Amino acid sequence: MAPSVLPTRLPSRRWAARAAAAAALALATGALAGLPAGAAPAPDRTPFPAARPSWATPAADAGAPPSTETVEGYVALPLRDPAGAKALATAVSTPTSGRYGQYVSARQWISTYAPTAKALDVVTKTLRAGGLTITGVPASRTYVVFRGTPEQVGAVFATSLRQYQVGGGTVTAPATTPSLPADAGALVSAVSLSSGALAARPGALAPGRERPSVAARTAAPPTAQRVPCSDSWGQRTSTTPPAYGRTSFPTNTCGYTARQLRAVTGTAAGDGAGQTVAIVDAYASPTIVADSDRLSAAQGEPGVSGLYSQVGVDRKTFTDQEACGGEEGWQGEQSLDVQAVHAVAPKARILYSAGSNCGAGLYLAVSRVLDTQAASLVSNSWGVQEQYLLPADLAIYDALGWQAAAQGIGLYTSSGDDGDETVNGLPKQVDFPSGNPFWTSVGGTSVGVDASGRIVVETGWGDARSVIAGSTFTPAPPGDFYAGAGGGTGTIYPEPDWQRGVVPDAIANGHRAVPDIANIADPYTGFLVGYSPILADGSTATGAYEADATGGTSLASPVVAAQVAVVQGRIGQRLGFASPALYLLARIAPSAFRDVQAPAGTLALAAYSPGRQANVLVTLDRDSSLRTTRGWDAVTGVGVLPLDSWRRVAQR
């Protein structure tokens, strides 16, 4: 089920585009919902028909949003030369281009492509004149984020806001086509008055923390003797009812240590010096440094103290906690991201940029890194389903992607943890920003590391589970799909030139396909993460420290970002937006990758599931409708790139 997306309470403080351009973008996304029949926009106002989602229909109307609560909205301002910005981003990232690697600074990008300060001033004055509060504007001036009551927002945009039932959740959106006064409207390319972006979620998964759609199922009777986890692949086995011609299976890992994760990635304890990896999530953990140092100390590793810094962490500005899953819902993600980067690249600096919520707050958190050029790599372990996107979101993702690429900053993003999304009762679709062609999408693998540190198992991540009930299974193996790497073919963007010849035509069908690359993700072969959980009581009080195996493509994204940081440190140059070079390498030297394929036989693990209160048999490489195959596939992309091969990406 999709999460419920509701407006929440807000603390008391809190150049020339045409309407036709917005409409054309909306048509490309299938999101256009025009003016009511017979209606015509007022001559002194600019309408934004694409801001009214296609799912905002009378049949889905769930009533007015609470009048006493505020909602978030944002407007995108067009770049002065969007074609030039995209062309620059493409040229500096394409190995066959004469401009490859010739990056510009943040100041140069902003002075050349950003909307003018005058245009921004006109737009913000119009919003403030209607009583709206400006809650965020990046230094690049590419969008404006605001808040106001539904009545205030409706008055400024000459519409009314309603709540709609979408995918099992409730989403706020305009009931009619919104518009702006012509002077401001001519300076805006797209508008979002929808709370759909608040459906973004972190992807950290642990065997002990069930996905809601699984935890809600009827639990089996409590199991008296729980399957013990293993410190390495094959350390322990467990007897089960007959399955796949066997009655004994290895047990899931307790969580790989930092040293074991470096064995997976090929890095070393002294790697990462001189590099900064930025991490973007919503909210912030009050105990992130203490928790990370505690985990490191227990493994005889150096802590993050002196290497970690954070920006945007002001709890007074945190909003939409109910809709976003709360600070407690994002704490595990931040802990996973920070600790994974530190494990893979122990000498690297880590900059955490906090989003004030899981909507436009995340956009602002990414902009904060790009506009200050505070890091050369950004890991984003969060995503939102394609169905919630509006042209304003796409415009922001595009501008961020072009800016990052032009500046030589790699944006890495998890591909998702729900496979093709049908497990959530949705049509097959991809997550965003993973589906944007200027963000590198990271898929997932299941990895078995033996006691000597060798990788002995590697396949695509997709877990199906059967509950062990006495001498039988419920249901019979492989059982129900639990989680797996997101992937597939998007519907919004055409296939990038660099994917052609690598992604099978039958899969791409002329569109952007994801993921691009992969690394360890399966929580049943996950990474040990430790933190003191925030209590769900509205405070920042925390409970007792705990450590558990954690995974998801939320693990794969920071792992890959940290690998790239190590390579950059070793070769002394930035890789920037790496996807075009990755695919070129896949065409001319495919053996540089570990081509992740389906196992020759069936791979399965025995594990205990607290959410099901039972032991389970976990069958690997069963990712919804997605299949792990030779060459590019929708689970692992072009595969796993060993550390030494990353050098070849920079040399292309």
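Within every chain, residues take consecutive numbers counted from 1 along the sequence as written. Whole-chain, interface and lining totals are the exception, using all residues; otherwise, since this is a predicted model, local features are given only for residues with pLDDT of at least 70 and side-chain atom pairs are given and counted only at 80 or more. Excluding hydrogens and water, the side-chain values take into account all heavy atoms of the structure.

Draft legend 1. Seen up close, the packing of aromatic side chains. In this scheme Phe, Tyr and Trp rings, the latter by its six-membered ring, pair at centre separations within 6.5 Å, and the angle between planes marks the pair as stacked below 30 degrees, edge-to-face above 60, and tilted otherwise. Using the criterion set out here, one finds 14 aromatic pairs in the structure. Note on Y74 and Y363: the rings are 5.8 Å apart at their centroids and 90° apart in plane angle, and the pair reads as edge-to-face. On the criterion of sequence distance, the pair formed by Y74 in strand β2 (residues 71-76) and Y363 in helix α12 (residues 360-372) is long-range, its members being 289 residues apart. Aromatic pair W498 and F577: ring centres 6.0 Å apart, planes at 75°, arrangement edge-to-face. Helix and strand assignments come from DSSP, with helices taken as H or I runs of at least 4 residues and strands as E runs of at least 2, each series counted from the N terminus.

Draft legend 2. Molecular detail of the pattern of salt bridges. Criterion for a salt bridge: a side-chain nitrogen of Lys or Arg within 4 Å of a carboxyl oxygen of Asp or Glu. Within this structure, the stated rule accounts for 11 salt bridges. For R262, the salt bridge goes to E301, with nearest N and O atoms at 2.9 Å. Of the two residues, R262 sits in helix α8 (residues 258-265) while E301 sits in the loop between α9 (288-298) and β13 (308-311), which places them 39 residues apart along the sequence. A salt bridge links D271 to R570; the nearest nitrogen and oxygen atoms lie 2.7 Å apart. With a gap of 299 residues between them, D271 in the loop between α8 and β12 (276-282) and R570 in helix α15 (residues 553-571) connect regions that are remote in the sequence. Given the relative accessible area of 9%, D271 is considered buried. The classification of residues rests on relative accessible area computed with a 1.4 Å probe and restricted to protein chains. Under 20% of the type maximum is buried, over 50% is exposed, and intermediate values are partly exposed.

Draft legend 3. The arrangement of the nonpolar core in detail. Counting residues in hydrophobic clusters, the biggest one holds 154 residues, and the most contacted among them are Y412, F432, L582, W646 and V649. For this core, the leading source of residues is α15, giving 10 residues. Here a residue-residue contact requires only that any non-hydrogen atoms of the pair lie within 4.5 Å. Setting aside its immediate chain neighbours within four residues, V649 contacts Y100, L575, A578, A581, L582, L585 and L641. Residues L77, V144, L187 and V191 belong to the second largest nonpolar core, which totals 22 residues. Note on terminology: a nonpolar core comprises buried Ala, Val, Leu, Ile, Met, Phe, Trp, Tyr and Cys residues joined through side-chain atoms within 4.5 Å.

Draft legend 4. Just the environment of V153, in detail. Structurally, V153 can be placed in helix α5 (residues 150-156). For V153, a relative accessible area of 2% puts it in the buried group. Between the C-alpha atoms of V153 and L193, which are 40 residues apart in sequence, the distance is 8.0 Å.

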